[in-house]
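Chain by chain, the residues:
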Amino acid sequence: MGALLALLASLAYGSSDFAAGVGSRRFAAGPVTAVVQAFGLLAAGVGVLLFPGAGPTSHVLTWGALSGLGSAAGTLALYRGLSVGAMRVTATCSAVLTAVIPALVGLVLGDHLSPVAMTGVIIAVPAIALVSWQPRSDRRGRAGLGHGIVAGAGFALLFIALDRAGTASGAWPLVPGQAAALVLVLPFARAARPREGDSRPAVLPTVVAGLLAGTANLLFLAATGQGQLAVVAVLTALYPAVTVLLARVLLAERSTRLQVTGLLAAAAATALTTLG
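Being a predicted model, the structure only gives us computed values, none of them experimental. (Residues numbered from 1 in each chain as written. Predicted model: local features only at pLDDT ≥ 70, side-chain atom pairs only at ≥ 80, totals over all residues. Heavy atoms only, no water.)

Asker: How should I be thinking about the packing of helix α8 (residues 203–224) against helix α9 (residues 229–236) in this particular structure?
Answerer: A pair of packed helices is characterised by two quantities: the angle between their axes and the separation of those axes. The geometry of α8 relative to α9 is characterised by a closest axis approach of 9 Å and an angle of 150° between their N-to-C directions. Classed by the angle they form, the pair α8 and α9 counts as roughly antiparallel. Seen from above, α8 lies across α9 with right-handed handedness. Contact residues: F220, A223 and T224 in α8; L229, V232, A233 and T236 in α9. Among the residues making up the contact of α8 with α9, the classes are represented as five nonpolar, two polar and no charged. (Axes fitted to C-alpha atoms, helices over the stretch in contact; angles between N-to-C directions. Helix = DSSP H or I, 4+ residues; strand = E, 2+ residues; numbered from the N terminus. Parallel < 35°, antiparallel > 145°, perpendicular 65-115°, else oblique. Left-handed = near helix turned anticlockwise from the far one by under 90°. Contact = heavy atoms within 4.5 Å. Nonpolar A, V, L, I, M, F, W, Y, C, P; charged D, E, K, R; others polar.)

Next up, the structure:
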């Protein structure tokens, strides 16, 4: 059940990121991020009504608020990267870091990975370099890489904090997390200047991204209650496959051979970690 929930979270996160990336290309990343976080807060409220658990505690609320810091930094960096850099670079780089960092933290906290799973974590590191490599100086590629690193670190914090909050209190950790994230991104939304052209086409993909992101948060939190952080995080980190596939089909983005190798290496790393 934990693996299934993590894979469903991966599907929701990947689709959300693609929709948000499209919206960010038509409007600034700041407002898009704020809208997505607002819908995330709405989803958290619905989640509390459906899954109240034992109720909130100071431990749960503290870790939940800390998850909001990671969510704000990760989401803002990711959407900015998707709007100014290649989707495949930003999404995949952030996903590998999102998988590796929680896996290492899980080991420190007592998770046990087999040699096969540990091999997967090790393979993930060069996968970042391969998928981010540009055959020539490419401003979009460098932008995608930089934002991907910040996004990966932010999402890693989000995953770790939600795991530490636990599921005994149901969906309560998501309430302070999404509230804190919304407050943190609002200044970026207010400072953003609308891009030239009609911004109305960005409304629908942004709303879809928010609904999917809120659903993904609920699915991930539920998954952490059913499995180890290292495994759940790696499975959830499959989300770039969805983002890249959608970008390939709908936006006709191309990948170099080295980047394809990096994508395959990242997929192999994820598979090994899961099988281990």
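Asker: Sorry if this is basic, but what is going on with empty space enclosed by the protein here?
Answerer: Gaps left between atoms show up when a probe the size of a water molecule is rolled over them. With the rule as written, the count across this model stands at one cavity of 30 Å³ or more. Roughly 190 Å³ of volume is contained in the largest cavity. Surrounding the largest cavity, 18 residues form its lining, Y13, T75, F155, A213 and N217 being those nearest its centre. Contributing elements (two or more residues each) for the lining of the largest cavity: α1 (2–26), α2 (29–50), α3 (58–84), α6 (139–165) and α8. With four residues, the single largest contributor to the lining of the largest cavity is α3. Grouping the amino acids of the lining of the largest cavity by side-chain chemistry returns nine nonpolar, eight polar and one charged. (1 Å grid on protein atoms, 1.4 Å probe; cavity = no way out; pocket = protein on both sides within 12 Å on 5 of 7 lines; lining within 4 Å. Points joined across faces, edges and corners; volume = space filled by probe spheres on them.)

Asker: I would appreciate a short explanation of the environment of V105 in the present structure.
Answerer: Turning to its location among the elements, V105 is positioned in helix α4 (residues 87–108). Along the backbone, V105 and I160 are 55 residues apart, and their C-alpha atoms lie at a distance of 7.8 Å.

Asker: For this particular structure, what's the right way to read the layout of surface pockets?
Answerer: In this structure, the largest pocket spans a volume of roughly 270 Å³. In this structure, the largest pocket is lined by 21 residues; those nearest its centre are A237, L263, A266, A267 and T270. The set of elements that each furnish at least two residues to the lining of the largest pocket consists of α4, α5 (115–132), α10 (239–251) and α11 (257–275). Its residues assigned to classes, the lining of the largest pocket comprises 17 nonpolar, four polar and no charged. By volume, the second largest pocket is sized at about 220 Å³. In terms of lining, the second largest pocket is formed by F51, T167, G170, A171, L218, L219, L221, A222, G225 and Q226. When grouped by side-chain class, the residues that make up the lining of the second largest pocket number six nonpolar, four polar and no charged.

Asker: Where do I start with the nonpolar core in this structure?
Answerer: Of all hydrophobic cores here, the largest spans 36 residues; its most connected members are Y13 and F220. Apart from residues lying up to four places away in sequence, F220 is in contact with A9, Y13, F159, L162, L229, V232, A233 and T236. Among the nonpolar cores identified, the runner-up in size contains 12 residues, and L113, V121, A124 and A230 belong to it. (Core = buried A, V, L, I, M, F, W, Y, C linked by side-chain atoms within 4.5 Å. Buried < 20%, exposed > 50% of the residue type's maximum accessible area, 1.4 Å probe, protein only.)

Honestly, that's just the spatial picture; any functional story needs more than this.
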